Amino acid sequence: MRITPRPWVAALEPYVPGRPAPSDAGSLASNEPGLVASAVVATAVGEALRRVHRYPDPLATVLRERLAGLHDVEPDRILVGNGSDELILLLVMAYAAAGGSVVVADPSYRLHETTARSLGAGVRRVPLAGWAHDVAAMTAVPADLCLVANPHNPAGTAVPARAIEAALPAARAGFVVVDEAYVEFADDPAETSAVRLAAEGRLVVLRTFSKAYGLAGMRVGYLVGPPEVVTDLRRIRAPFSVNALAQVAATAALADRVHLDRTVAWVRAGRRRLGELFERAGYRTIPSQANFVLVLAEDEAGLIERLLAGGVSVRPGSALGVPGAVRVTVPGEEGFALLERALMGPGGRAAGAE
Ligand SMILES: *Cc1c(COP(=O)(O)O)cnc(C)c1O
């Protein structure tokens, strides 16, 4: 006898990671920062290795208190998770699984939609308007959860927090979840972030250490929201999901403001440079508030092959719900050199765009 998964599980495709590039510098498919993590992280993790015979603190108390200080909220409004991916899973589990519903953008961050489907929640999609979230249209849909990635992935656009604030009173979703994985990179993070609205009860904000802090491999994210939400998620989460080294790494990274500022400055300048490079090669790009740029390319497959031949991997738009595009992460200096050569050829001419 063969065991078969639940029908909504069988309907899903396994996650397809970005294609590996021949070198680290050319890996521009997964939005990891072009700069490595702060050096203080390695020192802190090295010391913490001596205590790995102990279970981690289930509530990540030290990190949680630092985050509470950063956002000027009580620690009971914060929950640390195994990447924001775990928190998305827990939110859907608690509030939309088994017959509930979520509303997402079209296109959306894939995980928002696949998590909902994998737990038997219905999904409604609301198209972007001019490549940005149509927050009014999304919140007008009756649903248990409204999942907004701000800045948006893969478009890279951002909506101001006041647009979300304006939509809240009439919102028909039980909760609005604002996934702010890239918010540190926005031109004005304070205007963009909805974290100040998380006190009011209808909104939850997700943040991550995977992007601006350069700790994607450590798997740490957190939620800021009403204490009741934190309590509900604690009912269902695996208590030790955030390992001891990850907690120490995130706490150390948080203390190195200089490194964060350097990464953010690099990304802000880099995304402009990335946009200009592709425009020079004959492509249109969407202005970005994140650490990647969406490049519109009718010859999606051809562009991907050409870049790969030059040692650069990017994410195909067709895998992200935007066929006819590629998503390119802001590289480090070496990655820019590879990209420039792959796109423009040795003579500085666009090699493939007619
Ligand atoms: C990269 C990304 C995340 C980060 O997920 P982690 O699990 O924290 O690594 C979350 N949301 C969006 C929209 C992302 O692009």
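The structure we're discussing is the one just above.
Cut-off values and rules
- Residues numbered from 1 in each chain as written.
- Predicted model: local features only at pLDDT ≥ 70, side-chain atom pairs only at ≥ 80, totals over all residues.
- Heavy atoms only, no water.
- Near = heavy atom within 4 Å.
- Polar contact = N/O pair within 3.5 Å; in protein donor to acceptor, adjacent residues only side chain to side chain.
- Helix = DSSP H or I, 4+ residues; strand = E, 2+ residues; numbered from the N terminus.
- Nonpolar A, V, L, I, M, F, W, Y, C, P; charged D, E, K, R; others polar.
- Buried < 20%, exposed > 50% of the residue type's maximum accessible area, 1.4 Å probe, protein only.
- Axes fitted to C-alpha atoms, helices over the stretch in contact; angles between N-to-C directions.
- Parallel < 35°, antiparallel > 145°, perpendicular 65-115°, else oblique.
- Contact = heavy atoms within 4.5 Å.
- Pairing = 2+ DSSP bridges.
- Phe/Tyr/Trp six-rings, centres within 6.5 Å; stacked < 30°, edge-to-face > 60°.
- Lys NZ or Arg CZ within 6 Å of the ring centre and 35° of its normal.

With respect to the site of the ligand
The environment of the ligand is made up of Gly83, Ser84, Asp85, Tyr109, Asn153, Asp179, Ala181, Tyr182, Thr208, Ser210, Lys211 and Arg219. Serine 84 is positioned with one of its backbone polar atoms (N or O) 2.7 Å from an oxygen atom of the ligand. Here asparagine 153 contributes a side-chain N or O atom positioned 2.8 Å from an oxygen atom of the ligand. Among the elements that take part in the shell around the ligand, helix α4 (residues 83-95) stands out by supplying three residues, more than any other. Looking at the shell around the ligand residue by residue, the class counts come to three nonpolar, five polar and four charged.

Details of the side chain of asparagine 150
Note on placement: asparagine 150 falls in the loop between β5 (143-149) and α7 (161-167). Exposure remark for asparagine 150: the relative accessible area of 0% places this residue in the buried category.

Description of the packing of helix α11 (residues 257-280) against helix α13 (residues 333-344)
Where α11 meets α13, the axes come as close as 10 Å, and the angle between the chain directions of the two elements is 10 degrees. Classified by the angle their axes make, α11 and α13 are roughly parallel. Residue-level inspection shows Trp266, Gly270, Arg273, Leu274, Leu277, Phe278 and Arg280 of α11 in contact with α13, the latter providing Glu333, Phe336, Leu339, Glu340, Leu343 and Met344.

A word on the sheet that holds strand β7 (residues 203-208)
Strands sit in the order β2-β8-β7-β6-β5-β3-β4 across an open sheet of seven strands; the sheet is mixed. The outermost strands of the open sheet, each flanked by one partner alone, are β2 (78-81) and β4 (122-127). When the angles between neighbouring strand axes are averaged without regard to direction, this sheet yields 25 degrees. Packing against the sheet, α4 makes contact with β2, β5, β6 (173-179), β7 and β8 (221-224), and its axis sits at approximately 155 degrees to β7. Running over the sheet, helix α5 (residues 110-118) touches β3 (101-106), β4, β5 and β6 and is turned about 155 degrees from β4.

What about the packing of α4 against helix α9 (residues 227-236)?
The description of two packed helices rests on the angle between their axes and on the distance between the axes. Close contact between α4 and α9 brings their axes to 9 Å; oriented N to C, the two are set at 95 degrees. Considering the angle they form, α4 stands roughly perpendicular to α9. Two secondary-structure elements touch here, α4 through Leu90, Leu91, Met93, Ala94 and Tyr95 and α9 through Glu228, Val229, Asp232, Leu233 and Ile236. Considered class by class, the residues forming the contact of α4 with α9 number eight nonpolar, no polar and two charged.

Things to note about the packing of aromatic side chains
If you walk through the whole model with that rule in mind, you get seven aromatic pairs. Plain terms: the ring middles of tyrosine 55 and phenylalanine 240 are 4.5 Å apart, the flat faces sit at 25 degrees to each other, and that makes the pair stacked. Here tyrosine 55, found in the loop between α2 (39-48) and α3 (61-71), pairs with phenylalanine 240, found in the loop between α9 and α10 (244-255); they are 185 residues apart in sequence, far enough to count as distant. Residue tyrosine 55 is classed as exposed on the basis of its relative accessible area, which comes to 67%. Look at phenylalanine 240 and you get partly exposed, because its relative accessible area is 38%. When the ring centre of phenylalanine 336 is taken as origin, the NZ or CZ atom of arginine 273, which lies over that ring, is 3.8 Å away. Its guanidinium or amino end placed over the ring of phenylalanine 292, arginine 327 lies 5.6 Å from that ring's centre, counting from NZ or CZ.

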